[in-house]
Amino acid sequence: MDQSFAITPSVTWVGKIDHELTHFHGEELSTHRGSSYNAYLVRGEKTVLIDTVWRPYAYQFVENLESVIDLKEIDYIISLHSEIDHSGSLPALLEKIPGTPVYCSQNGAKMLKAHYHQDWNFHPVKTGDTLDIGGGKTFTFVEARMLHWPDNMMAFLSGDNILFSTDVFGQHFATEFMYNDQVNQDALYYEAEKYYANIVAPFSKMAAMKLKEVKAMNLPLSMICPSHGVIWRDNPGQIVEAYEKWSSYYHHNKITIVYDTMWQSTRKMAEAIAAGIKQADSEVEVVVRSASKHDKNDIVTDVFNSKAVLFGSPTVIRSPLSPIVAVLDLINAMDIKDKKAATFGSYGWSGEAAKVMAEHLEKAGFEIVQDGIRTMWVPDEDALEQCRAFGEEFAKKVK
Ligand SMILES: Cc1cc2nc3c(=O)[nH]c(=O)nc-3n(C[C@H](O)[C@H](O)[C@H](O)COP(=O)(O)O)c2cc1C
Ligand SMILES: [Fe+2]
Ligand SMILES: [Fe+2]
């Protein structure tokens, strides 16, 4: 017996809590709090398995499932998303119960075939299609294309009134608690927002449309079960509202300063600018991040919820330092925009970095509100005073 948890008399969680996961999508996304791959067993007159877990845990998953149910009793599999963190145990499972119908979106069928190259018994469905499993329980499928892959799909279970929401509303958050009301709220919301900023944000337009569509369905929601992290049972509408906020122009009263440095001059400039901002506006939250020392996904999250940003880098062979370029690229890729910005940096002779960063930011859709400030070599007291004044001016402009 490994891991299972009864959520309702008819729904059992049969996923995997991955406490040791530190990165997801290769090394691309940090997961400081681990993650979980949520799979659910739903029993009406028929029995349904929703999703599986990441491939390294396939053997454990199948063994665990066998301790909960005779696999032959599984009538249908619903695959909400073909990504390997959720589909990775399908080959091991379907080897044991070949021919079991796999319900998925049309894109899901294509993508599962392209991942596993097997001719499973696919039953492609589209928005509005239903699967009646008896006992007063029916699944209604809602496609969630590009949230965040072309195949994502949600399934609403009437009877229990649960929305199985796939990656949407998920968090990379490993906890032995199952529900949103049991965990530290700051940690939960940080992980949910980081997930949004680093995975869902490029598809915010689609997210906003899908939220409208789901709201218009007036589903009586008792729970939202995402495919990562905790289940939203206490006021499940709260995460829908959070997504509504995050998917439209969103910010706190916060300015994030992102810099990198070789010999500390640009760091000194960053600190002087931060002091200037504080002097001009005692209310605004100022966050200072080193692009090389702090985690890039946390930085993206800071930028995502800031009203304004400052980027600083020395010039190195006519360019900003590579960790800064990486963060700028990530922000552009995540389609984070519509924020005020300015740049700064130390230099020795040609000093292009401030201009190059401003160009990156403008291209990404940020508004440059003042010319970048540059200091030649190591800043003296005068130069630092100019940086403080630069910070003050910036704070006033973005207030
Ligand atoms: C490898 C290297 C390449 C550099 N290339 C340039 C350059 O192309 N243009 C320029 O203006 N300064 C260049 N510099 C000078 C730095 O911008 C200068 O040392 C600056 O003060 C460093 O700021 P920091 O203390 O924040 O690292 C270069 C420095 C190094 C070490
Ligand atoms: Fe995914
Ligand atoms: Fe996922």
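Look above for the structure.
The notes below deal with the structure included here. (Residues numbered from 1 in each chain as written. Chains lettered and ligands numbered in written order. Predicted model: local features only at pLDDT ≥ 70, side-chain atom pairs only at ≥ 80, totals over all residues. Heavy atoms only, no water.)

## Quick look at the coordination of the iron ion (ligand 2)
Next, step 1: Looking at the iron ion (ligand 2), the protein donor atoms are His-81 (NE2), Glu-83 (OE), His-148 (NE2) and Asp-167 (OD), and they sit 2.0 to 2.3 Å from it.
Next, step 2: Each of the 4 donor atoms bound to the iron ion (ligand 2) contributes to angles spanning 87 to 178°, and the resulting shape is irregular.
Next, step 3: Donor residues for the iron ion (ligand 2), ordered by position in the chain, follow H-x1-E-x64-H-x18-D.
Next, step 4: Between the iron ion (ligand 2) and the iron ion (ligand 3), a spacing of 3.3 Å is present, and a bridge between the two is formed by Asp-167. (Donors = N, O, S within 2.8 Å, 3.2 Å for Na, K, Ca; no water. Tetrahedral: all angles 85-135°; square planar, octahedral: opposite > 155°, others 65-115°.)

## As for the packing of aromatic side chains
Next, step 1: Enumeration over the complete set of coordinates arrives at 18 aromatic pairs.
Next, step 2: Look at Tyr-196 and Tyr-243: their rings are 5.0 Å apart centre to centre, the planes differ by 90°, and that puts the pair in the edge-to-face class. With Tyr-196 in helix α5 (residues 185-200) and Tyr-243 in helix α7 (residues 237-247), this pair connects stretches of sequence that are 47 residues apart. Across the pair, Tyr-243 and Tyr-196 agree in class, each one buried.
Next, step 3: A centroid spacing of 5.7 Å and a plane angle of 35° characterise the contact between Tyr-196 and Phe-304, whose relative ring orientation is tilted. Taken as a pair, Tyr-196 in helix α5 and Phe-304 in helix α9 (residues 296-304) lie far apart in primary sequence, 108 residues in all. Across this residue pair, the class does not change: Tyr-196 and Phe-304 are buried.
Next, step 4: An aromatic cluster is present here, built from Phe-169, Tyr-196, Tyr-243, Trp-246, Tyr-250 and Phe-304 joined pairwise through their rings.
Next, step 5: Lying across the ring of Tyr-57, Lys-16 places its NZ or CZ 4.8 Å from the centre. (Phe/Tyr/Trp six-rings, centres within 6.5 Å; stacked < 30°, edge-to-face > 60°. Helix = DSSP H or I, 4+ residues; strand = E, 2+ residues; numbered from the N terminus. Buried < 20%, exposed > 50% of the residue type's maximum accessible area, 1.4 Å probe, protein only. Lys NZ or Arg CZ within 6 Å of the ring centre and 35° of its normal.)

## Quick notes on the site of ligand 1
Next, step 1: Residues in close proximity to ligand 1 total 18 residues, the closest being Thr-261, Met-262, Thr-266, Ser-346 and Gly-351.
Next, step 2: With respect to ligand 1, the backbone of Ser-265 contributes an N or O atom lying 2.8 Å from an oxygen atom.
Next, step 3: For ligand 1, an oxygen atom lies 2.9 Å from a polar atom in the backbone of Trp-349.
Next, step 4: Burial of ligand 1 by the protein chains amounts to 84% of its free accessible area of 640 Å². (Near = heavy atom within 4 Å. Polar contact = N/O pair within 3.5 Å; in protein donor to acceptor, adjacent residues only side chain to side chain. Areas by Shrake-Rupley, 256 points an atom, 1.4 Å probe, with all protein chains shown as cover.)

## As for empty space enclosed by the protein
Next, step 1: Overall, the coordinates contain 3 cavities of 30 Å³ or more when judged by the stated rule.
Next, step 2: Lining the largest cavity are Trp-13, Ile-17, Ser-36, Asn-38, Phe-173, Ala-174, Thr-175, Phe-177, Met-178, Gly-229, Val-230 and Ile-231.
Next, step 3: Residue composition of the lining of the largest cavity, by class: 8 nonpolar, 4 polar and no charged. (1 Å grid on protein atoms, 1.4 Å probe; cavity = no way out; pocket = protein on both sides within 12 Å on 5 of 7 lines; lining within 4 Å. Points joined across faces, edges and corners; volume = space filled by probe spheres on them. Nonpolar A, V, L, I, M, F, W, Y, C, P; charged D, E, K, R; others polar.)

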